[in-house]
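# Notes for the structure review
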2 protein chains.
Amino acid sequence: MSSLTTAKDPPDHALGTGTSDALSHPSAVGLVAVIVAATDGEPRALTVQVPGQAPGRQDGLPFGPLVPEHPTLERGLRAWVERQTHQRLGYVEQLYTFGDRDRQGDEAAGLHSLSVAYLALVREMRPAGLAEASWRNWYRYLPWEDWRAGRPESLGAIEPRLMAWAGEVADPKLRRRREDRLGLTFGLCGGAWNEERVLERYELLFEAGLIPEAQGQAGKGACAEAAVTGHPMAFDHRRVLATAIGRLRGKIKYRPVVFELMPPTFTLFQLQRTVEALSGAELHKQNFRRLVAQQGLVEETDDLTSGTAGRPARLVRFRREVLLERPAPGFRLTPARRPG
Amino acid sequence: MSSLTTAKDPPDHALGTGTSDALSHPSAVGLVAVIVAATDGEPRALTVQVPGQAPGRQDGLPFGPLVPEHPTLERGLRAWVERQTHQRLGYVEQLYTFGDRDRQGDEAAGLHSLSVAYLALVREMRPAGLAEASWRNWYRYLPWEDWRAGRPESLGAIEPRLMAWAGEVADPKLRRRREDRLGLTFGLCGGAWNEERVLERYELLFEAGLIPEAQGQAGKGACAEAAVTGHPMAFDHRRVLATAIGRLRGKIKYRPVVFELMPPTFTLFQLQRTVEALSGAELHKQNFRRLVAQQGLVEETDDLTSGTAGRPARLVRFRREVLLERPAPGFRLTPARRPG
DNA sequence: GGCGCAATGCTCAATTTGAGCATAAGTGAG
DNA sequence: CTCACTTATGCTCAAATTGAGCATTGCGCC
């Protein structure tokens, strides 16, 4: 059946990706959304409450079934989220389609289940419509990713456990392999930290057994533990969140997507704070503004901020024209060096 | 039903993306693969023959149903392709999940159908296993994308039609919008060509009615037409191919994926030819080698080429270590300027 | 009026690009 | 055997981009 070939019957429509053959294996498909906002210089994701394994409830990402009435996946998602959260989705991008990793239930029944994950950026942080939904700082779930105030404490606690994980194998070749991966993802053993490898880090932690979801011990961790290995999420939603963050961190470097998160006018410093929030790194202020200026990403308004300490800042707005002009505008992140 | 919320029933498993709710709307899911090789400095994709609308047959990408026995989407794809083509897949990456755009058939039946597309890179060009399958230069389907020998002729023929398409709307605002898009994607009206916008170009051509698949007139175009708007493909496989090319063109700039297409040892010029084949642009030779050398992407072997015209070249091999060292190694493409 | 605090301007050296020129080392023709 | 031609490889140089830091400007507030 799994034939790499011609479809057995000629298709009865002009378009479509040619899956008519697949009807014999229907699958359950769901949509998951990582809806991101950034206010007060903090990166946030919209979360909902999901019944957990233990009696309590757990954080999760908004998700729902794919219903047939929607013409397109993306438009389905848009309609669904906008209806439920009264949240205008500006930028929407497909993230990844997750298969059923480590799942047993449905497989036995001969059913696949997929979920198509989307990343959405919203400009304003509405009060989260539903009572069950709330905006949460995304570093709550992945605390080791926030380097804005220097090396995160979470990482300090994780590191010895990771080294132990690498050390626990006898085979020197395999151990070497694990150490390499630690260097690559976490910057240990002489490697460098790369802020885009969010998913790889999450998956490594998962593999090393440091992620509670891995053992179905969702209720176990105390608060102290959550500060180290992060707050758990339902299903594999933390993996989805990690995918989203990694993607977004990459994207802001070559596409002006940050502006989807900014209010109509803002100061350069607010913009910087937002970029820093997403990338989890501190940037060099003067160089950041030089970059933005050079790229012509913004235009000045006549207004200045007031009331804040220090000299008032000029308010600027995004120059929509850059979407047409530059082949691939965006930011290159220039990390600020901190002493020690 | 389409609730952005908590699942109604507590899930019976630790992982999975929480789609149990979606069972009520099963969907048909298929896999499509863009399997890429590059030999003799030409970029090729593996194609199969598919029954077309007209009596004849049409090129298409290898595709098949998603069968439940596979543990993971990617592994399912791997197994399936490797079994059928006896082709080792080296690098595999999920591309995109296509919904049923512009489809009517299944929708009425309350069924979605999706296809999950993958990009795979193979090192050697095996003789295409199946009789029905063959390796085709991918510019056969998207001739305007090949700028290696200067501005492609295809583009010259397309351009007036695109301008006409922009001109055909009365509303000046809408016309302006179309012109902007032409500038952005095709570099017309003063814009610059960006080799990564492959999908956007295809979709714009599709919208402008220049793609035969759009009207179900697959059999119509003569050879002359195919040289201009490209050879058609079954279903929306050309869209999938365009997605793959765009993604790959982006990726080679920051990840050393080209080496997945190279034989164990090769010359720097062969490497350059491969990069050029993928990106569709000619590169500056000396600077290319400087870049590769600086990045430490390859190491020299003791062998030289022989038999070719000109001075023998040193054979090099990929330095696997760079996968660990560099945070994000790859190529930055420095286009060669050609007179005129 | 002077202080502290941000915003903004400006400098400067170290790299990194972009573009060529020059030389080396083979093959094939006459 | 030598010349013409071809491709590989080395090297230079100016322009542009980065990375880092110092200096100045305006404001709210003692």
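Residues numbered from 1 in each chain as written. Chains lettered and ligands numbered in written order. Predicted model: local features only at pLDDT ≥ 70, side-chain atom pairs only at ≥ 80, totals over all residues. Heavy atoms only, no water.

## Structural notes on the overall build of chain A
Summing up its helical and strand segments, chain A has 10 helices and 10 strands in all. Taken over 340 residues, chain A has a buried fraction of 55%. Considering only intrachain contacts with a sequence separation of at least 6, the fraction spanning at least 24 residues in chain A is 66%. Summing over all exposed atoms, chain A offers an accessible surface of approximately 14800 Å²; the carbon and sulfur share of this is 50%. (Helix = DSSP H or I, 4+ residues; strand = E, 2+ residues; numbered from the N terminus. Buried < 20%, exposed > 50% of the residue type's maximum accessible area, 1.4 Å probe, protein only. Contact = heavy atoms within 4.5 Å. Areas by Shrake-Rupley, 256 points an atom, 1.4 Å probe, with all protein chains shown as cover.)

## Looking at the pattern of salt bridges
Tallied over the entire structure, the rule returns 45 salt bridges over all chains. It is possible to trace a salt-bridge network through shared partners that takes in E42, D146 and R148 of chain A. (Salt bridge = Lys/Arg side-chain N within 4 Å of Asp/Glu carboxyl O.)

## What to know about the sheet that holds strand β8 (residues 266–267) of chain A
Residues and elements named next belong to chain A. With antiparallel pairing, the three strands of this open sheet are ordered in space as β8-β10-β9. Each end of this open sheet is capped by a strand with a single partner; those strands are β8 and β9 (298–304). Summarising the sheet, β8 and strand β10 (residues 314–318) pair through two bridges and their orientation is antiparallel. Within β10, the position partnered with F266 by the bridge is V316. (Pairing = 2+ DSSP bridges.)

## A few points about helix α3 (residues 153–167) of chain A
With 15 residues, α3 of chain A should reach 21 Å at 1.5 Å per residue; the first-to-last C-alpha distance of 22 Å fits that figure. Roughly 30° is the biggest bend found in α3 of chain A, and it falls at E159 of chain A, with proline P160 of chain A one to four residues downstream. (Expected span 1.5 Å × (residues − 1). Bend = angle between axes of the 7 residues up to and from the residue.)

## Regarding the nonpolar core
Ranked by size, the top nonpolar core spans 172 residues in total, and within it W144, L162 and F186 of chain A together with W144, L162 and F186 of chain B carry the most contacts. In this structure, L162 of chain B is in contact with L182, F186, L188, L204, L205, A208 and L210 of chain B, ignoring residues within four places of it in sequence. (Core = buried A, V, L, I, M, F, W, Y, C linked by side-chain atoms within 4.5 Å.)

## Here we look at the sheet that holds strand β9 (residues 298–304) of chain B
Strands sit in the order β8-β10-β9 (chain B) across an open sheet of three strands; the sheet is antiparallel. The open sheet has two edge strands with one neighbour each: β8 (266–267) and β9 of chain B.

## With respect to the packing of aromatic side chains
Throughout the structure, instances matching the rule amount to 16 aromatic pairs over all chains. Each ring, one from W138 of chain B and one from Y139 of chain B, has its centre 6.0 Å from the other, and the planes form 85°; the classification is edge-to-face. Both residues of the pair, W138 of chain B and Y139 of chain B, count as buried. Taken together, the ring pairs connect W147, F186 and W193 of chain A into an aromatic cluster. In this structure, R201 of chain A is placed above the aromatic ring of W193 of chain A, and the distance from its NZ or CZ to the ring centre is 3.7 Å. The ring of F269 of chain B has K285 of chain B lying over it, and the distance from NZ or CZ to the ring centre is 4.3 Å. (Phe/Tyr/Trp six-rings, centres within 6.5 Å; stacked < 30°, edge-to-face > 60°. Lys NZ or Arg CZ within 6 Å of the ring centre and 35° of its normal.)

## What about the confidence of the model for chain A?
Residues and elements named next belong to chain A. The pLDDT averaged across chain A works out to 81; a share of 77% of its residues lies at or above 70. Every residue in residues 1–23 scores below 50 in pLDDT, and together they form 75 contacts with partners more than four places removed in sequence or on other chains. Taken as a whole, residues 102–109 scores under 50 in pLDDT and shows 12 contacts with residues more than four places along the chain or in a different chain. (pLDDT = per-residue confidence, 0-100.)

## Things to note about the environment of A133 of chain B
Examined against the element boundaries, A133 of chain B turns out to sit in the loop between β6 (112–121) and β7 (134–137). Placed 84 residues apart in sequence, A133 of chain B and Q49 of chain B show a C-alpha to C-alpha distance of 6.6 Å.

## A few points about the side chain of Q58 of chain A
Residue and element names in this part refer to chain A. Here Q58 is to be found in strand β3 (residues 57–60). On the accessibility criterion, Q58 (11% relative accessible area) is buried. Among the polar contacts listed, one links the side chain of Q58 to the backbone nitrogen of A234, at a separation of 3.4 Å. (Polar contact = N/O pair within 3.5 Å; in protein donor to acceptor, adjacent residues only side chain to side chain.)

## A look at the packing of helix α8 (residues 268–279) of chain A against helix α9 (residues 285–295) of chain A
Residue and element names in this part refer to chain A. Where α8 meets α9, the closest approach of the two axes is 10 Å, and the angle between their N-to-C directions is 105°. Taken together, the axes of α8 and α9 lie roughly perpendicular to each other. Of the residues in α9, those in contact with L268, F269, L271, Q272 and V275 of α8 are K285, F288, R289 and V292. Here the contact of α8 with α9 is composed, by residue class, of six nonpolar, one polar and two charged. (Axes fitted to C-alpha atoms, helices over the stretch in contact; angles between N-to-C directions. Parallel < 35°, antiparallel > 145°, perpendicular 65-115°, else oblique. Nonpolar A, V, L, I, M, F, W, Y, C, P; charged D, E, K, R; others polar.)

## A look at the side chain of Q94 of chain B
Mapped onto the elements of the fold, Q94 of chain B is located in strand β5 (residues 91–98). Its relative accessible area of 5% is what places Q94 of chain B among the buried residues. Discounting residues that sit within four places of it in the chain, Q94 of chain B has contacts with Y96 and T97 of chain A together with L73, V116, A117, Y118 and R247 of chain B.

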